[in-house]
Amino acid sequence: MSQVVTRFAPSPTGMLHIGGVRTALFCWLFARKHGGRFILRIEDTDLSRSTDDNIRIIEEGMAWCGLGWDEGPVVGDPSAWVGPHGPYRQMQRMDLYRAKIQELLDKNLAYRCRCSRETIDARRKTVEAAGKVFQYNRGMDRGKGCAAADHDAGEPAAIRFRMPEEGDIVVPDLIKGPTHFPADSLDDWIIARTGDGPGVIGVPTYNFCVVVDDTQMEVTHVIRGDDHLNNTPKQIPLFAAFGTELPAFAHVPMILGADGAKLSKRHGATSITEYQAMGLLPSAVRLALARLSWTPKINGHAVESAEEELLTDEQMIQLFDLADCQKSAARFDMDKLQWLNQKLIQRASWEELEPHLRPFMDKLYPEAWAAKADEWKAQAIQATQKGKSLTDMAEALRFAFERPADFDEKAVEKFMTPIAKLALREVCAFPDYSHSGLEAGFNAILERHGLKTKELAQALRVALCGRPVSPGIFDTLMLVGRDEVVARLERWL
RNA sequence: GGGGCUAUCGUCUAGGGGUCAGGACACCGCCCUUUCACGGCGGUAACACGGGUUCAAAUCCCGUUAGCCCUACCA
């Protein structure tokens, strides 16, 4: 086979949906695995809902997820693209579509249809009254429409494609297996809407554009949501009409909400932007999404430990196989995503984490984070790397940037004992703020006063942070810094 | 209504004739511990239903039920 080519073809009619990202991820993994190309194509033929803003949201969402495309639009420039098959926005490809439609018309593989909405509705009523299913130019409706009319181009008309009437259309799906559709369950469908005037070919429809694009872009593997499985038998005869080889198809299962219904707003976050804002690592989102409906086989066995769950991108690419994909829909599990996120945060180096954490720090403590030295940042990150999310980490570092606004009353009562305050006074005198220096001084105080570690540590936390929760006590002291520690302790002495 | 897809712990799944039906997340318990966490150990928990085929069915076949998708001059 020639080089593998996959594509992700979203409609810019809203946010970038998490289900779309998963489909894109599968396309991306498959292309990467086989050393192929991954195309981003914008399906914007729905003029009323498509916007440039939505296109930018898609591009930025893809980029954040680390799903780079080899061919497709250039971010922020509607008229530019990269790749030999452009443009990659369908509305910029009208000339191609019209030429292809004319080709079909010339070969009598398609025909002009002047049936109005009203006449079709009337015919539909007749058929349904007889207890049958209405299909254009099929069954009782055969010969009632324009299939044999041979309309010239003199009046505005839609264009219908002549579909086979007998036998089965078989979709050779890589995930679902061969799927048979009786030809008589399909009818002559519209490939181009009614044009603006006589002889004008209107805006072509989705199922038509997809075939033209996938052919022209030399797509070898059509990997898409399984809501498109039923569209495929419409498209297959079109490939035949163009005399082009059929690509391979793989219809991946949908992602459902926790209640098993189609994932929608009421389940919480559905757009990739929201996941970004939650403080998730893109690598965690990739892994969580990939593992929905895909179980990698490592040396022939499925993932069988927590350790093996934590796949790197390289491992995912190497292991990815459509044969290991589930046929059924999967429910989205936020708990699992968060666990993955936590694990990935834990094992990342502070340098890897810093660029992802930075936006959250900048938002919470404007200017302050950037002003810190690398050494300080490293310690801050390492001290909070147990968090479930970047937002947790940012929040856990509040004590390092702000004096406590108030104090946890119960904690004050419990830990701010007279003897603890005596010990705090001595903490003020610590000269050495290295880890070992702090430890030595700390232990000396404990010994002198007969205090337990907990008693001093908690008293310090309350004094420094306002609450009995913070990173390790030496980290806490070091991050606050000597002068500020002394200042915050002052009011308790 | 017609056509299509799907069905194993709460969730993601392994297992494709003989398994104590395995793992991960979540949950519960214990341990560790300077707080919160992390970590370690252990536990609860599933083959949708009904018929076949077979010595033997979660596994193969047929139904049923349920969910989802398509059935637009939306994508």
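Residues numbered from 1 in each chain as written. Chains lettered and ligands numbered in written order. Predicted model: local features only at pLDDT ≥ 70, side-chain atom pairs only at ≥ 80, totals over all residues. Heavy atoms only, no water.

### Describing the pairing of strand β2 (residues 37-40)
Phase 1 of the analysis: When strand β1 (residues 5-8) meets β2, the two strands line up parallel, connected through four bridges. The residue of β2 that forms the bridge with R7 is I39.
Phase 2 of the analysis: Taking the sense of rotation as the criterion, the β-α-β connection linking β1, helix α1 (residues 18-33) and β2 turns out right-handed. (Pairing = 2+ DSSP bridges. Helix = DSSP H or I, 4+ residues; strand = E, 2+ residues; numbered from the N terminus. Right-handed = clockwise from strand over helix to strand, strands pointing away.)

### Quick word on the packing of helix α14 (residues 374-383) against helix α21 (residues 473-480)
Phase 1 of the analysis: For the pair α14 and α21, the least separation of the axes is 10 Å and the interaxial angle reads 145°. As for the relative orientation of α14 and α21, their crossing is left-handed in sense. Between α14 and α21, the contacting residues are W376, Q379, A380 and A383 on the first element and D475, M478 and L479 on the second.
Phase 2 of the analysis: Residues of the contact of α14 with α21, tallied by class, amount to five nonpolar, one polar and one charged. (Axes fitted to C-alpha atoms, helices over the stretch in contact; angles between N-to-C directions. Left-handed = near helix turned anticlockwise from the far one by under 90°. Contact = heavy atoms within 4.5 Å. Nonpolar A, V, L, I, M, F, W, Y, C, P; charged D, E, K, R; others polar.)

### With respect to the pattern of salt bridges
Phase 1 of the analysis: Counting across every chain of the model gives 31 salt bridges.
Phase 2 of the analysis: Across the salt bridge formed by R7 and D214, the nearest N and O atoms sit 2.9 Å from each other. Of this pair, R7 sits in strand β1 while D214 sits in helix α5 (residues 206-216); the two residues are 207 residues apart in sequence, bridging distant segments of the chain.
Phase 3 of the analysis: Here E60 ties to R56 by a salt bridge, and the two come within 3.3 Å at their closest N and O atoms. Linking E60 with R56, this pair stays in helix α2 (residues 52-64), spanning four residues, or about one helical turn.
Phase 4 of the analysis: Take R56: its relative accessible area is 35%, and that puts it in the partly exposed class.
Phase 5 of the analysis: A single salt-bridge network, built from bridges that share partners, covers R7, R41, E43, R93, D213 and D214. (Salt bridge = Lys/Arg side-chain N within 4 Å of Asp/Glu carboxyl O. Buried < 20%, exposed > 50% of the residue type's maximum accessible area, 1.4 Å probe, protein only.)

### Here we look at the environment of D106
Phase 1 of the analysis: Along the chain, D106 falls in helix α3 (residues 94-106).
Phase 2 of the analysis: A relative accessible area of 58% means that D106 is categorised as exposed.
Phase 3 of the analysis: Spatially, the C-alpha atoms of D106 and D406 are 80 Å apart, while their sequence positions differ by 300 residues.

### Overview of the packing of aromatic side chains
Phase 1 of the analysis: Within this structure, the stated rule accounts for eleven aromatic pairs.
Phase 2 of the analysis: For the pair F26 and F320, a centre-to-centre distance of 5.1 Å together with 65° between the ring planes defines the contact as edge-to-face. Here the residue F26 occupies a position in helix α1, and F320 occupies one in the loop between α10 (313-319) and β16 (330-331), the gap between them amounting to 294 residues.
Phase 3 of the analysis: Taking relative accessible area as the criterion, F26 reaches 0% and is therefore assigned buried.
Phase 4 of the analysis: Accessibility expressed as a relative area gives 1% for F320, which makes it buried.
Phase 5 of the analysis: By way of ring pairs, the aromatic residues Y365, W369, W376 and F401 are connected into one cluster.
Phase 6 of the analysis: Here R22 stacks its cationic end above the ring of F26, 4.9 Å away from the centre of that ring. (Phe/Tyr/Trp six-rings, centres within 6.5 Å; stacked < 30°, edge-to-face > 60°. Lys NZ or Arg CZ within 6 Å of the ring centre and 35° of its normal.)

### Details of the confidence of the model for chain A
Phase 1 of the analysis: Overall, the predicted model of chain A reaches an average pLDDT of 94, with 100% of residues at or above 70.
Phase 2 of the analysis: The ipTM assigned to the predicted complex is 0.94, against a pTM of 0.94. (pLDDT = per-residue confidence, 0-100.)

### A closer look at the nonpolar core
Phase 1 of the analysis: Counting residues in each nonpolar core, the largest one holds 110 residues, and the members touching the most others are M62 and L460.
Phase 2 of the analysis: Here this core gets ten residues from one element, more than from any other, and that element is α1.
Phase 3 of the analysis: Sequence-distant contacts of L460, that is, excluding residues within four places in its chain, are made with L424, V427, F442, C465, I473, L477 and L489.
Phase 4 of the analysis: Formed by 35 residues, the second largest nonpolar core is a distinct cluster that contains I101, L104, L105 and V211. (Core = buried A, V, L, I, M, F, W, Y, C linked by side-chain atoms within 4.5 Å.)

### Looking at the packing of helix α18 (residues 418-427) against helix α20 (residues 453-465)
Phase 1 of the analysis: Between α18 and α20, the least distance of the axes is 10 Å, while the angle of their chain directions is 75°. Classed by the angle they form, the pair α18 and α20 counts as roughly perpendicular. Packed against α18, whose contacting residues are A420, A423, L424 and V427, the element α20 presents L456, A459, L460 and A463 at the interface.
Phase 2 of the analysis: Grouping the constituent residues of the contact of α18 with α20 by class yields eight nonpolar, no polar and no charged. (Parallel < 35°, antiparallel > 145°, perpendicular 65-115°, else oblique.)

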